[in-house]
Amino acid sequence: MVYLHEFRITNSSPAKPSQNLLVNNQSLQPPPTDKLKLNVDAALDNDGQIMGTGGIVRNSCDQVIVAISKPIKGRFSVKEIEAKAISYCLQWLGDINCEVHLIETYALIVSQSVNNPQQYYGRFHDLIRHIIYHMSSFSSVSLNYVCRSTNSAAHKFVLRVDTVIVWRIVYPNPIEAIVTNELVH
């Protein structure tokens, strides 16, 4: 119940994002030519005991290049697990030398905190600093807020695992089904 309460508080923030942070597309859009885009998300199971984090990287032809999903045990606030998902995906992409140019998340408070960092202390702000650090290892990358429906493929992907799953270049049927379904709607 605590997670649900924090989720509602985090997503009911009266702060409005600047126009350059808010992407109002109602359907998934591929990145520009010769660019890669990471859609990242986190999800909680019904019991709140396991959280899934993960991301899907697509090219300008909307093909999945890499995908990762990892369960995390522990107690985190919604904004912390969303930030942890982005940090984890960026670290992994750096480790495999996969250059991304765009990152999309539906976690507005994370997007705002990364794009307008403040000098606060605490676990959430440590995670924001980790995201900024990992972003600095890419030549040109931006983090944007997108509406929930636009990021649903990443959300559906992280809900399906109880172990670490990694795909590179060729993606298997469960991922293909999620992505294909996302493109149709």
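Per an unreviewed UniProt entry, the protein chain goes by RNase H type-1 domain-containing protein and derives from Cannabis sativa.

## Points about the overall build of the protein chain
A count of helical and extended segments in the protein chain gives six helices and seven strands. Written out in order from the N terminus, the α and β elements of the protein chain read α-β-β-β-β-α-β-α-α-β-α-β-α. A buried classification covers 49% of the 185 residues belonging to the protein chain. Counting contacts in the protein chain only where the partners sit at least 6 residues apart, residues at least 24 apart contribute 72% of the total. Accessible surface computed for the protein chain: about 9,600 Å², of which carbon and sulfur atoms make up 53%.

## Considering the confidence of the model for the protein chain
Of the residues in the protein chain, 62% reach a pLDDT of 70 or more, and the chain-wide mean stands at 75. Every residue in residues 1–7 scores below 50 in pLDDT, and together they form 12 contacts with partners more than four places removed in sequence or on other chains. A low-confidence stretch, residues 9–26 stays under pLDDT 50, and its non-local contacts, those more than four residues away or across chains, total 25 contacts.

## Focus: the pattern of salt bridges
Across all of its chains, the model carries four salt bridges by this definition. Linking R58 and D62 is a salt bridge whose minimum nitrogen-to-oxygen distance equals 3.9 Å. With respect to class, R58 is no different from D62; both count as buried. R123 serves as the salt-bridge partner of E80, at 3.1 Å between the closest nitrogen and oxygen. Of this pair, E80 sits in helix α2 (residues 78–95) while R123 sits in helix α4 (residues 123–135), and the two are 43 residues apart along the sequence. Residue R123 is classed as partly exposed on the basis of its relative accessible area, which comes to 46%.

## Remarks on the layout of surface pockets
A water-sized probe rolled over the atoms picks out the places where empty space is left. For the second largest pocket, the calculated volume is near 170 Å³. Ranked by residues supplied to the lining of the second largest pocket, first place goes to α4 with four residues. When grouped by side-chain class, the residues that make up the lining of the second largest pocket number four nonpolar, six polar and one charged.

## Section: the pairing of strand β6 (residues 142–146)
Regular strands place their side chains on alternate faces of the sheet. Of all five residues making up β6, four are buried, and the element is well covered by its neighbours. In this structure, strand β5 (residues 102–105) lies alongside β6, joined through four bridges in parallel fashion. Looking at β6, one finds that L102 is bridged to S142.

## Brief notes about the packing of aromatic side chains
Applying the stated rule across the entire model yields zero aromatic pairs. Over the aromatic face of F124 sits the side chain of K79, whose NZ or CZ is 4.7 Å from the ring centroid.

## A word on the nonpolar core
Counting residues in each nonpolar core, the largest one holds 34 residues, and the members touching the most others are L38, V57, L90, L93, V100, V110 and I131. Taken together, the elements giving at least two residues each to this core come down to β2 (37–44), β3 (50–58), β4 (64–73), α2, α3 (108–115) and α4.

About the cut-offs
- Residues numbered from 1 in each chain as written.
- Predicted model: local features only at pLDDT ≥ 70, side-chain atom pairs only at ≥ 80, totals over all residues.
- Heavy atoms only, no water.
- Helix = DSSP H or I, 4+ residues; strand = E, 2+ residues; numbered from the N terminus.
- Buried < 20%, exposed > 50% of the residue type's maximum accessible area, 1.4 Å probe, protein only.
- Contact = heavy atoms within 4.5 Å.
- Areas by Shrake-Rupley, 256 points an atom, 1.4 Å probe, with all protein chains shown as cover.
- pLDDT = per-residue confidence, 0-100.
- Salt bridge = Lys/Arg side-chain N within 4 Å of Asp/Glu carboxyl O.
- 1 Å grid on protein atoms, 1.4 Å probe; cavity = no way out; pocket = protein on both sides within 12 Å on 5 of 7 lines; lining within 4 Å.
- Points joined across faces, edges and corners; volume = space filled by probe spheres on them.
- Nonpolar A, V, L, I, M, F, W, Y, C, P; charged D, E, K, R; others polar.
- Pairing = 2+ DSSP bridges.
- Phe/Tyr/Trp six-rings, centres within 6.5 Å; stacked < 30°, edge-to-face > 60°.
- Lys NZ or Arg CZ within 6 Å of the ring centre and 35° of its normal.
- Core = buried A, V, L, I, M, F, W, Y, C linked by side-chain atoms within 4.5 Å.

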